[in-house]
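# Topology and contacts: notes
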Amino acid sequence: MSYDLRVVFQHGGRGAEAGCFSPVCPRWGFKFSSRPGEKRHGHLRIRDRNDIQHAGVQYILDSVVDQLLKNPDRRFIYVETAFFYRWWKRQDSGMQQTVKQLVNEGRLEFVNGGWCMSDEATTHYSAVIDQMTIGLRFLNETFGACGRPRVAWHIDPFGHAREHASMFAQMGYDGFFFGRLDYQDRDRRMMAKEQELLWRASDSLTPPVADLFTGILPNGYNPPEGFCWDQSCNDPPIRDDPDLEDYNVDDVVKRFVAIAENQALVYKTNHIIMTMGSDFQYENANLWYKNLDKLIRYVNGLQSNGSKVNVLYSTPSCYLQELHRANLTWALKTDDFFPYADSAHDFWTGYFTSRPALKRYERISNSNLQTCNQLEVLGGPVSRKGPFGEGDSQTLKKAMAVAQHHDAVSGTEKQHVANDYARKLADGWQHCQVLVSNSLAALSGSSSQRIYCDNLNISVCPLTASSKKFSVSVYNPLARPVTWPVRLPVNGTAYTVSDANGKPVDCQVVPVSKATQDVRRNRGFAVNELVFQVQAPPLGYSTYSVSLLQDGSRPASTQHRTPTVIQNKFLKVTFDPDTGLLSSLSNLETQQSIKLAQNFYWYNASAGNNFLSIQPSGAYIFRPNSSTPFIISSTAKTESIQGSVVQEVRQWFSPWVSQVVRLYADSRALELEWTVGPVPIDDSLGKEVITRLDTSIQTGEYFYTDSNGREILQRKKDFRPTWQLRQSEPVAGNYYPVNSRAFIKDDVDQLTVVTDRSQGGGSIRNGSLEIMLHRRLLYDDVRGVAEPLNETSDIFPEGLVVRGRLLLSLDRPPHAADAHRPLAQEVVLQPLLTFTDGDLNPNTRLEFSGLQAALPPAVHLLTLSQWDKDSVLLRLEHQFQSWESKVNSRPVTVNLQKLFSTLDVLGVSELNLSANQWKDEMKRFDWTPQKGTGRSNPSLSSL
């Protein structure tokens, strides 16, 4: 028998696979899904803090498993593996066997399956792949094929990235469901019945490689209004005793059928899905299941009277299976779902920048993790247990995986939780340092103690500041040689530097800036910095020796007049002598020049007002109270440094904003090192601080941003590709996530800005590009954090100070990617410096490369990680889009047998992107678009 309308309650259960029992995945019905109590903030924390937020995932799983066993029809889905893993390892063998049986029968289904449900705006694709791999590997090894998720499930992230969809497709998912999209987009899609669509998530991969069926859930991640039966809810239960005066079955059934029929009007098939659960729910699962059992029984009982509504427990994969069987064509989408607004003045674009210090620390931690992974492979077993003790990469892997959560690197957690994320990253790095030291000892033949200086960005390193002779080892995690500027805090005024071959290296001593002295807060005592450029081989290290020539604690000299020009053989930068500000940038190789003015501004944040119902800016939402930012200063006090290694113009705009404009001798990029904070809040409004680059480039209201650090998307002011936008916030509504780069261009010039962390940005005026650097706010935006984004610390009690870098390159548009692709990778995977005091052992190996030869420019080594005792996980990617480079967008062949210098490749087996399926066994549903084409380029894969 079939019915015209199916309602599916999402709880758990999915289609059968080899080795799994065939679950109840009926051909007709509604699907209800219950989610484990997903927390909006404080996710994945180890310590219980019920005084802040009551949440106990262990109780949810205890209760749900008990209730699933009482009725074989019941289903439940589970999303974030980190939560489940912590519960699982504390269960006895009997409970573990019971859960395996529930999984095999499809009654407990894993969806998504990553270590967490990652944010989509502020995460870098490499870190997302890593965290998905950790979670999916645990499910594979614990439950086999029956535990492998077939559906990606992002019901809480605040906007959705095209690169995420591409990754999910390449990981083998059949479909993707999410809960949040712009309110205008939803309205249009409801009318057009396009809330389920085919997302073509790459313009370079041949369809359907990156095609992903995508469904938008009807109620976010909540049940329909009036149907919440958790102990935390206030909706009345179903009272089905006719002898009681509060009997309500008829009313409940009538309301439910009306909701189901209305929902069916805005979806394309006669199958509809309803989520039954929400944040922190199912600690007492009996309340939910008892009422759902009754609802299903009484709604379906109406079929004898002609009702065409059938309701059943189900799961996302069963629901997706029915949509696939419908054999329809689906609307095609090729852009992304940013920015997200839930009403006219509530754009969730502030979190693109929220907690900028944590965002930078997460990015540094990712670089450190990749170095740790690589050296674990290159150094062999001794890296895990060697002269410096027992080291491991797993602690940092899991800390980094947790940091990808949509309330972690996003900056949308409470302050104490942000502190906890940072603490876990620091603890993971301590474990990795032991591993790195062991590995470098094995590769170099020297067991001398290695020192790590993690505060070089504020010129703090006790060893270099006090030692008369030391060496610095520079490890390069990229698969091509790099040239990198090194700045070391010192107290001498003259030094000699020699490379691994004993050849002298040009060096320069510059004074530590006043801004750095202020930021250090007595954490360092160096008055100068030793600056020189190092070269490191691919996937290897090079060692430089440093010796003091002239002692003395006096700072190096500076010039206090503003230079009109700084230049090297590649770039020329001019300054306005009257204002001290940038005025132009020229590429001497290509003979192109643009006007370039740069300054700092702030937007006054809207303040909350319950009486006037004004939406304030907060951790999530960016809402300036004016579209015109306030300039911090129209002039800058300056001092300059001229030398053979680096030229600097140091600019002071105010007591809380300064910048150093740097041009290194061999660099094709101009560095802007900004320092912002403590942001003053004397006006009681809060400030959102930006830097803006105003140029002569004719942009025509277009600009470009990356998607999770990978493919580039075109943006246009006040425009959305898939609906007619009614713009209500001219600034916040034009902000997009900038994960690693953004650029503006015309037919002649392209200015690319490479960032050192995820930030928000936009092109509000023609020819301009602005990047938000810091936010300090005094009101909560009422979206779940329940505290203002007002960061302070023991070191900065008056407000957080943040420092970062922007790298600017000017190129002809057809060749710009040849520069910004490798430049962005250098910033994401930066060299790791380790220090050794005194003279080196004469038998020390001063240089090493793990590769026989550098990889071609188009190929990026994404992952080299120990998988088990005898195998490693290798990911190579073609890092250029199909259209962006005449030279580097072509296919490339790599000989794996001749890749590594120290590893013998005995065999290779290709996996999917998440390394949980053999590539040749990965089968996905085929979907038919209504229209659209794709272009070709090699895809990501794992080996």
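If you look the protein chain up in an unreviewed UniProt entry, it shows as Alpha-mannosidase from Acanthochromis polyacanthus. The UniProt entry for the protein chain carries this comment under Catalytic activity (unreviewed entry): "Hydrolysis of terminal, non-reducing alpha-D-mannose residues in alpha-D-mannosides." According to its UniProt record, the protein chain has this under Sequence similarities (unreviewed entry): "Belongs to the glycosyl hydrolase 38 family."

Bringing the domain arrangement of the protein chain into the picture now. When the domains of the protein chain are assigned, the result is domain 1 (57-113 + 149-327) and domain 2 (592-644 + 672-828). Centre-to-centre, using C-alpha coordinates, domain 1 lies 37 Å away from domain 2. The interface of domain 1 with domain 2 comprises 15 residues on the first partner and 13 residues on the second. Interface area lost by domain 1 to domain 2 is led by R162, E163 and Q184, which between them contribute 49%. Applying the counting criterion to the domain 1 and domain 2 interface returns 2 salt bridges. Among the salt bridges present, the one from R710 reaches E163, with a minimum N-O distance of 3.7 Å. Here domain 1 is connected to domain 2 by 7 residue pairs in polar contact (both at pLDDT 80 or more). Elements with a contribution of two residues or more to the side of domain 1 that touches domain 2: α5 (162-170) and α6 (183-192).

The sheet built from 3 strands is open, its strands ordered β18-β21-β20 with antiparallel pairing. Each edge of the open sheet carries a strand with a single partner, namely β18 (482-490) and β20 (507-511). With strand direction ignored, the average angle separating the axes of adjacent strands in the sheet is 30°. The pairing of β20 with strand β21 (residues 528-536) spans 5 bridges and is classified as antiparallel. Of the residues in β21, the one forming a bridge with Q508 is V531.

The terminal C-alpha atoms of helix α7 (residues 249-264) lie 22 Å apart, and with 16 residues this matches the ideal 22 Å at 1.5 Å per residue to within 8%. Along α7, the positions that sit buried rather than exposed are V249, V252, V253, F256, V257, A260, Q263 and A264. When α7 is viewed along its axis, its buried side chains cluster within an angular range of 125° and face the same direction. Turned more than 90 degrees away from the buried face of α7, the exposed residues are D250, K254 and N262.

Spatial strand order, β5-β6-β8-β7-β12: 5 strands in an open sheet with mixed pairing. With one partner strand each, in any of the chains shown, β5 (151-154) and β12 (332-333) form the two edges of the open sheet. Where strand β7 (residues 196-200) and strand β8 (residues 211-216) come together, 5 bridges link them in antiparallel fashion. In the strand pairing of β8, E196 is matched with G215.

Core analysis: the biggest nonpolar cluster contains 93 residues, and F76, F84, V99, W153, Y282 and L295 have the highest contact counts within it. Top element by residues in this core is helix α4 (residues 125-143). It accounts for 8 residues. Counting 60 residues, the second largest nonpolar core, distinct from the first, contains F575, F600, W602 and L670.

Moving on, we get to unusual backbone geometry. F338 connects to P339 through a cis peptide bond whose omega is -15°. Looking at where P339 falls in the secondary structure, it is placed in the loop between β12 and β13 (341-343). Each neighbour pair has its own omega, and for G677 with P678 the value is -10°, a cis peptide bond. Positionally, P678 belongs in the loop between β31 (670-676) and β32 (687-695). Phi at L539 takes a positive value of approximately 50°, unusual for a residue other than glycine.

This part takes up the packing of helix α2 (residues 81-88) against α4. Relative to each other, α2 and α4 sit at 40°, their axes nearing to 9 Å. It follows that α2 is oblique to α4 by the angle criterion. Between α2 and α4 the crossing geometry is left-handed. For the pair α2 and α4, contact is made by T81, F84, Y85 and W88 and by G135, F138, L139, T142 and F143, respectively.

What counts as what
Residues numbered from 1 in each chain as written. Predicted model: local features only at pLDDT ≥ 70, side-chain atom pairs only at ≥ 80, totals over all residues. Heavy atoms only, no water. UniProt positions renumbered as here; feature names shortened; annotations may be inferred. Domains from an automatic or database assignment. Contact = heavy atoms within 4.5 Å. Buried area = accessible area lost by both parts, 1.4 Å probe. Salt bridge = Lys/Arg side-chain N within 4 Å of Asp/Glu carboxyl O. Polar contact = N/O pair within 3.5 Å; in protein donor to acceptor, adjacent residues only side chain to side chain. Helix = DSSP H or I, 4+ residues; strand = E, 2+ residues; numbered from the N terminus. Pairing = 2+ DSSP bridges. Axes fitted to C-alpha atoms, helices over the stretch in contact; angles between N-to-C directions. Expected span 1.5 Å × (residues − 1). Buried < 20%, exposed > 50% of the residue type's maximum accessible area, 1.4 Å probe, protein only. Arc of directions from axis to C-beta. Core = buried A, V, L, I, M, F, W, Y, C linked by side-chain atoms within 4.5 Å. Parallel < 35°, antiparallel > 145°, perpendicular 65-115°, else oblique. Left-handed = near helix turned anticlockwise from the far one by under 90°.

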